[in-house]
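Below are the chains, spelled out letter by letter.
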Amino acid sequence: ETKYPQIIINVDPSNIYIADSLWVLNGTTVKVDSTSFKFDDLSLTCFDQRLRLDGNISHNPTSTAYLTTQNVDLSLFGPFIGNSIDGRLDGKASLTDAFNKFIVDFDLKVRDFSAGTSIFGDLNVKCKWNPNSEKLLTNLSLTDKSLVIAKGNGYIDLNRLTADMKLNFDNSPISLIGVL
């Protein structure tokens, strides 16, 4: 696998309490050497919520790590993303060439997305790395039942932490504008 010395970390199944909830870390193996981290189905579950990390993070520009989320309650991330955002997160994200270009792609859905006291519906966000512009080509939509209340597309620049998006707020409640 590798010509470098490596450390093999055997992770025993463990219980972890996060925000008064019991999460179970599965038993797995993580391999670390001077150039890479290899994750083999590193999963954290709490009832029907699951975070799973699999793949490689290394200096090899083709190595990829994958994060999968299933029914994850966004309120757990309140201290990091703001306490007023809530919903259930499902989706997949990938990270390729982590040490050079930091190429990320993701396809995420937040069911019952809410901010503050307003519930807006389902938020879908898809981002694909564009190697020419070195930005994330991004499409998003917010749907309440079958009615699209907001949609947009454009680019996110991870280097400058800026977005250049065209957004359409037809049929949007005024409370959505206040969240932005």
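Our subject in this report is the structure included herewith. (Residues numbered from 1 in each chain as written. Predicted model: local features only at pLDDT ≥ 70, side-chain atom pairs only at ≥ 80, totals over all residues. Heavy atoms only, no water.)

Bringing the layout of surface pockets into the picture now. If you add up the space inside the largest pocket, you get close to 1,200 Å³. Lining the largest pocket are 40 residues, and of these Phe 106, Leu 108, Val 110, Leu 123 and Val 125 sit closest to its centre. The element that contributes the greatest number of residues to the lining of the largest pocket is strand E8 (residues 85-96), accounting for 6 residues. Broken down by class, the residue content of the lining of the largest pocket amounts to 34 nonpolar, 5 polar and 1 charged. (1 Å grid on protein atoms, 1.4 Å probe; cavity = no way out; pocket = protein on both sides within 12 Å on 5 of 7 lines; lining within 4 Å. Points joined across faces, edges and corners; volume = space filled by probe spheres on them. Helix = DSSP H or I, 4+ residues; strand = E, 2+ residues; numbered from the N terminus. Nonpolar A, V, L, I, M, F, W, Y, C, P; charged D, E, K, R; others polar.)

Let us now look at the pairing of strand E6 (residues 49-58). Pairing between strand E5 (residues 36-46) and E6: 9 bridges, direction antiparallel. The residue bridging Leu 42 from the neighbouring strand is Leu 53, located in E6. Adjacent in sequence and paired antiparallel, E5 and E6 are bridged by 2 residues, among which Phe 47 carries a positive phi angle near 55°. Across 6 bridges, E6 lies against strand E7 (residues 64-73) in antiparallel orientation. By the bridge assignment, Arg 50 is partnered in E7 with Gln 70. From the end of E6 to the start of E7, which pair antiparallel, there are 5 residues. (Pairing = 2+ DSSP bridges.)

Turning next to the nonpolar core. Formed by 19 residues in total, the largest nonpolar core has its most connected members in Val 110, Phe 113, Phe 120, Leu 123 and Leu 142. Where this core is concerned, the elements lending two or more residues are E8, strand E9 (103-115), strand E10 (118-130), strand E11 (135-144) and strand E12 (147-157). Excluding residues that lie within four positions of it along the chain, Leu 142 makes contacts with Phe 113, Phe 120, Gly 121, Asp 122, Leu 123, Leu 147, Val 148, Ile 149, Ala 150 and Leu 176. In terms of nonpolar packing, the next biggest core, distinct from the first, is built from 9 residues, Trp 23, Val 30, Val 32 and Leu 42 among them. (Core = buried A, V, L, I, M, F, W, Y, C linked by side-chain atoms within 4.5 Å. Buried < 20%, exposed > 50% of the residue type's maximum accessible area, 1.4 Å probe, protein only. Contact = heavy atoms within 4.5 Å.)

Structurally, the position occupied by Ser 63 is in the loop between E6 and E7. Judged by its relative accessible area of 10%, Ser 63 is buried. At a separation of 2.9 Å, a polar atom in the side chain of Ser 63 contacts the side chain of Ser 58. The contact partners of Ser 63, leaving out residues within four places of it in the chain, are Asn 56, Ile 57, Ser 58, Leu 95, Thr 96 and Asp 97. (Polar contact = N/O pair within 3.5 Å; in protein donor to acceptor, adjacent residues only side chain to side chain.)

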